[in-house]
Amino acid sequence: GDGAPAPASASVIGFVVSTLPELSMVTYMACQHQCRPFSDILYGIPICRSKLSAIHNLKKKLALATNDDGNIHLLVDNPDQIDFLEEFISNSPSAGMKWSVFLKVDTGYHRAGTTCDGQGVSLATKIIDSPYLDLKGLYSHCGHSYNIDNDAEMKTIVQDDHDVILEFLKLLADHLKTFDTSSLDISVGSTPSMFCHEKLSIPNNVELHPGNYVFFDRQQLYTGVCANESSIAGFVLTRVIGHYKDSDRNAIMVDAGATALTKEVTPQGDMCAVFGRPELECYRMSQEVTMIRCGGDAPFPFEEFPLGSTMLLLPNHSCLAAACFDVYHVVDEGEGLFSTDSEIVDTWKPARGWA
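Within every chain, residues take consecutive numbers counted from 1 along the sequence as written. Two thresholds apply to this predicted model, a pLDDT of at least 70 for residue-level local features and 80 or more for giving and counting side-chain atom pairs, whereas whole-chain, interface and lining totals are computed over all residues. The basis for every side-chain value is the complete set of non-hydrogen atoms in the structure, without hydrogens or water.

Counting its secondary structure elements, the protein contains 8 helices and 17 strands. Based on the C-alpha atoms only, the size of the protein along its principal axes is roughly 75 × 45 × 40 Å. Each residue's exposure class comes from its accessible area (1.4 Å probe, protein chains only) as a fraction of the maximum for that residue type: buried when under 20%, exposed when over 50%, partly exposed otherwise. Among the 355 residues that make up the protein, the fraction classed as buried is 48%. Any two residues whose heavy atoms approach within 4.5 Å at even a single point are treated as in contact. Of the contacts made within the protein by residues no fewer than 6 positions apart, 66% connect residues no fewer than 24 positions apart. Method for areas: the Shrake-Rupley scheme with a 1.4 Å probe, in which residue coverage is limited to the protein chains shown. Entry remark: accessible area of the protein is about 17,300 Å², with carbon and sulfur atoms responsible for 51%. Within the protein, the 46 negative side-chain charges are centred at a point lying 5 Å from the centre of the 25 positive side-chain charges. Secondary structure follows DSSP: runs of H or I at least 4 residues long count as helices, runs of E at least 2 residues long count as strands, and numbering of each begins at the N terminus. Neither His nor the chain ends is counted toward charge; the positive residues are Lys and Arg and the negative residues Asp and Glu. A charge is said to be at NZ when it belongs to Lys, at CZ for Arg, at CG for Asp and at CD for Glu.

For the rest of this paragraph, the subject is the layout of surface pockets. Lining residues are defined by having an atom within 4 Å of a point belonging to a cavity or pocket. Those points lie on a 1 Å grid over the protein atoms alone, cavities being sets where a 1.4 Å probe fits but cannot get out and pockets being open sets with protein on both sides within 12 Å along at least five of seven lines. Grid points are joined across faces, edges and corners, and a volume is the space filled by probe spheres set on the points. The computed volume of the second largest pocket comes to approximately 910 Å³. As for the second largest pocket, its lining consists of 35 residues, and the residues nearest its centre are Ala233, Gly234, Phe235, His329 and Phe338. Elements supplying a minimum of two residues to the lining of the second largest pocket: strand S10 (236–244), strand S15 (310–315), helix H8 (318–322), strand S16 (328–332) and strand S17 (343–348). A per-element tally of the lining of the second largest pocket places S16 first, with 5 residues. Broken down by class, the residue content of the lining of the second largest pocket amounts to 23 nonpolar, 7 polar and 5 charged. Amino acids outside the nonpolar list (Ala, Val, Leu, Ile, Met, Phe, Trp, Tyr, Cys, Pro) and the charged list (Asp, Glu, Lys, Arg) are all regarded as polar, and Gly is one of them.

By definition, a salt bridge exists where a carboxyl oxygen of Asp or Glu is found within 4 Å of a side-chain nitrogen of Lys or Arg. Across all of its chains, the model carries 9 salt bridges by this definition. With a shortest N-O distance of 3.4 Å, arginine 49 and glutamate 87 are connected by a salt bridge. Taken as a pair, arginine 49 in the loop between strand S3 (40–46) and helix H2 (52–66) and glutamate 87 in helix H3 (residues 79–90) lie far apart in primary sequence, 38 residues in all. For arginine 49, a relative accessible area of 48% translates into the label partly exposed. Classification of glutamate 87 as partly exposed rests on a relative accessible area of 40%.

Below, the discussion takes up H2. Helix span, expected: 1.5 Å multiplied by one less than the number of residues in the helix. Compared with the 21 Å implied by 1.5 Å per residue over 15 residues, the 21 Å span of H2 between its first and last C-alpha is a close match. Buried within H2 we find Leu52, Ile55, His56, Leu58, Lys59, Leu62, Ala65 and Thr66. The elements touched by buried residues of H2 are helix H1 (20–33), S3, strand S4 (71–76), H3 and strand S5 (99–106).

Once that is clear, we can look at unusual backbone geometry. The omega angle of the peptide bond from arginine 36 to proline 37 is 10°, so this bond is cis rather than trans. Within the element layout of this structure, proline 37 appears in the loop between H1 and S3. Of note, asparagine 250 is a non-glycine position whose phi angle comes to about 50°, a positive value. As for its position among the elements, asparagine 250 is in the loop between S10 and strand S11 (251–254).

With that settled, the discussion passes to the side chain of serine 309. With respect to the secondary-structure elements, serine 309 resides in the loop between strand S14 (290–294) and S15. With relative accessibility at 17%, the residue serine 309 sits in the buried group. In protein, a polar contact requires one atom able to donate a hydrogen and another able to accept it; more generally it is a pair of N or O atoms within 3.5 Å, and residues adjacent in sequence count only if both atoms are side-chain atoms. A distance of 2.6 Å separates a polar atom in the side chain of serine 309 from the backbone oxygen of proline 306. Excluding residues within four positions of it along the chain, serine 309 makes contact with Thr238, Arg239 and Val240.

Attention shifts here to the nonpolar core. Counting residues in each nonpolar core, the largest one holds 44 residues, and the members touching the most others are Leu23, Ile47, Ile55, Leu74, Leu85, Trp99 and Leu103. If near-sequence neighbours (up to four positions away) are discounted, leucine 74 is found in contact with Leu42, Tyr43, Ile47, Leu52, Ile55, Leu85, Trp99, Ser100, Val101 and Phe102. Note on terminology: a nonpolar core comprises buried Ala, Val, Leu, Ile, Met, Phe, Trp, Tyr and Cys residues joined through side-chain atoms within 4.5 Å.

The predictor rates its confidence in each residue with pLDDT, a number between 0 and 100. Taken as a whole, the protein shows an average pLDDT of 91; of its residues, 95% reach a score of 70 or greater. Across residues 1–9, where pLDDT falls below 50, the model places 31 contacts with residues more than four positions away in sequence or in other chains.

What the rule picks out here adds up to 1 cavity of 30 Å³ or more. Estimates place the volume of the largest cavity at around 30 Å³. Forming the walls of the largest cavity are Lys104, Val105, Asp106, Thr107, Gly108, Tyr109, Arg111, Ala112 and His141. Residue composition of the lining of the largest cavity, grouped by class: 3 nonpolar, 3 polar and 3 charged.

This paragraph deals with the environment of glutamine 220. Among the structural elements, glutamine 220 can be located in helix H6 (residues 218–223). When the C-alpha positions of glutamine 220 and phenylalanine 38 are compared, they lie 26 Å apart, and in sequence the two are 182 residues distant. Among all residues touching glutamine 220, those that are not within four sequence positions of it are Tyr146, Thr191, Pro192, Asn212, Val225 and Cys226.

Here's what the structure looks like:
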């Protein structure tokens, strides 16, 4: 994912990663380019002890390449994380200065994050008082916005997010008295809610992290942040490998299944969709294949999809689908719409694996 400030001054200022391979890749890019946004990286899931040695080595590489101008920030939401971070840093002579951390706060999604009450204030205070840690800012994620498909509800979620953060900043300021809470960076947002943060009521430096914005997908079509299929940039190219003209099936089979798209669901239903053909239903998926039929029991147009022909599938969740592939083929759609005949102009190799 990428982090960017509010739309009024939009620019990419850093990267959010969720795996050690991703962190290694962005750190390598930072060492090559020696500038932002590559040199400002947040490891965007709560930290665990087993990752510290690897992150420490990457921090040293980044510091050497950028003359200490780059940074890898960590995410914490539990006092035990502070304890083992302090233990690790105090026992590592080469760990250097204070390690930068964001406090993950729960503003309504109820996944990760500390509660924005006395518990959260206590955790923030523990970080601020630490001789080994520097509280860079607060991090929230409006993940519950993924199930919203109207502007009014989306704006309510965003406003609630802002209100909870503002109240938490006030609680923190009242508790610490001398600490300047305006110095904290506030990292908010999600892809569905990204355009609802335009009139921010938070006085701090604010950044948005719309991780799915690069590709979009069927989920974003549902939320409305993505206007139409032509706004989606991530597809899976598949081939027709079966015709089944009997009355029980009246369908075709393609050679992309759960290992290419995953079985992530969306409110629209189906496992995925065929680009440009809303009347077709991707109604059944197994590991290697997907079955496609016409909606409403209409006869399937087999002649339009001969065996061996290709079609483009819209993934329900492009982040998960993208993780299934070791190379992305970049195409230039030119003046027309993207199609199976579009010219490939580049290939990108993503970071793979989970660690």
